[in-house]
Amino acid sequence: MALAAASSSSAILRSVASHDLSAPKINSFRWLDQQMILPASSNVINGQCRVKPIFSDQKRSQAMIPFAATVAAPEILGKGESEVPDDYDQLAKDLEVASPLEITDRALKKFGNDIAIAFSGAEDVALIEYARLTGRPFRVFSLDTGRLNPETYAFFDAVEKHYGIHIEYAFPDSVEVQALVRNKGLFSFYEDGHQECCRIRKVRPLRKALKGLRAWITGQRKDQSPGTRAKIPVVQVDPTFEGMDGGVGSLVKWNPVANMDSLDVWNFLRAMNVPVNSLHSQGYVSIGCEPCTRPVLPGQHEREGRWWWEDSKAKECGLHKGNIKQEEVLEEVNGNGNGNGNGNGAAHTSGNAALTDIFNSQNVVSLNRTGIENLAKLENRADPWLVVLYAPWCRFCQAMEGSYDELAEKLVGSGIKVGKFRADGEQKKFAQQELLLGSFPTILFFPKNSPNPIKYLSDKRDVESLMAFVSTLQ
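The paragraphs below set out a description of the structure included in this document.

Analysis parameters
- Residues numbered from 1 in each chain as written.
- Predicted model: local features only at pLDDT ≥ 70, side-chain atom pairs only at ≥ 80, totals over all residues.
- Heavy atoms only, no water.
- 1 Å grid on protein atoms, 1.4 Å probe; cavity = no way out; pocket = protein on both sides within 12 Å on 5 of 7 lines; lining within 4 Å.
- Points joined across faces, edges and corners; volume = space filled by probe spheres on them.
- Helix = DSSP H or I, 4+ residues; strand = E, 2+ residues; numbered from the N terminus.
- Nonpolar A, V, L, I, M, F, W, Y, C, P; charged D, E, K, R; others polar.
- Axes fitted to C-alpha atoms, helices over the stretch in contact; angles between N-to-C directions.
- Parallel < 35°, antiparallel > 145°, perpendicular 65-115°, else oblique.
- Contact = heavy atoms within 4.5 Å.
- Expected span 1.5 Å × (residues − 1).
- Bend = angle between axes of the 7 residues up to and from the residue.
- Buried < 20%, exposed > 50% of the residue type's maximum accessible area, 1.4 Å probe, protein only.

**Some details on empty space enclosed by the protein**
Then step 1. Tallied over the full model, the rule gives four cavities of 30 Å³ or more.
Then step 2. By volume, the second largest cavity is sized at about 110 Å³.
Then step 3. Every residue lining the second largest cavity is counted, 13 residues in all, and those nearest its centre are Cys197, Cys198, Arg201, Cys289 and Cys292.
Then step 4. Element by element, the count of residues in the lining of the second largest cavity is highest for helix H9 (residues 195-210), at four residues.
Then step 5. Here the lining of the second largest cavity is built from residues that sort into seven nonpolar, two polar and four charged.

In structure tokens, the structure reads:
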């Protein structure tokens, strides 16, 4: 697909690359000692360099061709630095202490016309600014899921005007979206997990887009998601997607800001006076689709504003699925990637027999269908019960196993019984209709003198939070 392309005049002094690439990281800015002299063809407005896009003479409608297509680009882009295979593990080590500007320059220099910046409409606008500072041509693309905030669409427009570029958008397949909405409604992700919707609206369009590239640049940072991004390198062979050459290892993934933290990024954005999404001023930090994004409170981690009804340590939409350990995506593998394994809430039709059960503490009572039915029917129970509705393949259930078993141990002798009921497969429909099952895990408290169970609504499943829930109800 003809990606959005932005190019600085080739006459811009390469001092940006040679002099400033080794500059200290953010929070320690070092300006050029020599004056940058711009050619007459460059546009400078109010001190802002306006670079002309490579395809600036094209109309937008002409540029919107399938993303995976290849387009003859000006000679300045070429095919990249070298076709010799690289040791990207070693390159990642070599660049571990490099500045984001140096890493970005290295990526653009090496892959030329076959690399693009993935722009989500959030603080990753820093990637576009770093690309501009290298003085090299660059491309920008974004995924329009159809469910973004109005502020994000306005931000896209502001970025295009600020940099003089046309962002090329990839869209989900309309037939797939229509089938999902007609079959499951507009907000099915609140009930059975976000993976299915993200797979249709984000992952598959991205996969198609990346087939037209040899490398891409992302805004991933180690501090963004404690459970999935803590060890990302600055460059790697993409573990999930394929590039234009096809096959494993055909796509390289660059993460120039991996070692920056949020404060570093924002200091940089303010210093360079670039446009930012207005949602940031409303408490939003990590920004995605409108129904799945909310502001965070002071002290909350930024990813707590995404898919807040799910496990806080495994929040990936699938674009960076390679960050999650293989065993954590077992459900998707079992579903063959065709929609059967759609996150916390999907019922598996194969592989269950080989799965090891969880919540096996001697203090947790395993309830069968008859047991849970009897418990639900009782109006006056001898003891209150805390019961988790789970599926052993669900990574969110697996993540809370330790805290739930510890809670059961703490409640020994308290008069509260702790149980579990496996609610996937044939039991799922019953659990949804009779036991308030929404997504896995669902935690219910059955009071001693009340017929109706009380559902635990928080996504915090640590021992202290669960204990507070029980203590207020017993």
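Still more to cover.
**Some remarks on the packing of helix H5 (residues 125-134) against helix H6 (residues 150-163)**
Then step 1. Relative to each other, H5 and H6 sit at 5 degrees, their axes nearing to 12 Å. As the angle between them shows, H5 and H6 are arranged roughly parallel. In this structure, H5 contributes Val125, Ile128, Glu129 and Arg132 to the contact, and H6 contributes Phe155, Val159 and Tyr163.
Then step 2. Residue composition of the contact of H5 with H6, by class: five nonpolar, no polar and two charged.

**Concerning H9**
Then step 1. With 16 residues, H9 extends just 20 Å between its outermost C-alpha atoms, more than 12% less than the 22 Å of an ideal straight helix rising 1.5 Å per residue.
Then step 2. Along its length, H9 reaches its greatest deviation from straightness, about 30 degrees, at Val203, and the proline Pro205 lies no more than four positions downstream.

**Concerning unusual backbone geometry**
Then step 1. Of note, the bond from Phe440 into Pro441 is cis; its omega dihedral lies within 30 degrees of zero at -10 degrees.
Then step 2. Along the chain, Pro441 turns up in the loop between helix H15 (428-434) and strand S13 (442-446).
Then step 3. Located in the positive-phi region is Phe359, a residue other than glycine, with phi close to 55 degrees.
Then step 4. Position of Phe359 relative to the elements: it lies in the loop between helix H11 (330-334) and strand S10 (365-366).
Then step 5. What makes Phe359 buried here is its relative accessible area of 0%.
Then step 6. Phi at Leu436 is positive, roughly 65 degrees, even though this residue is not glycine.
Then step 7. Assignment of secondary structure puts Leu436 in the loop between H15 and S13.
Then step 8. A relative accessible area of 41% places Leu436 in the partly exposed class.

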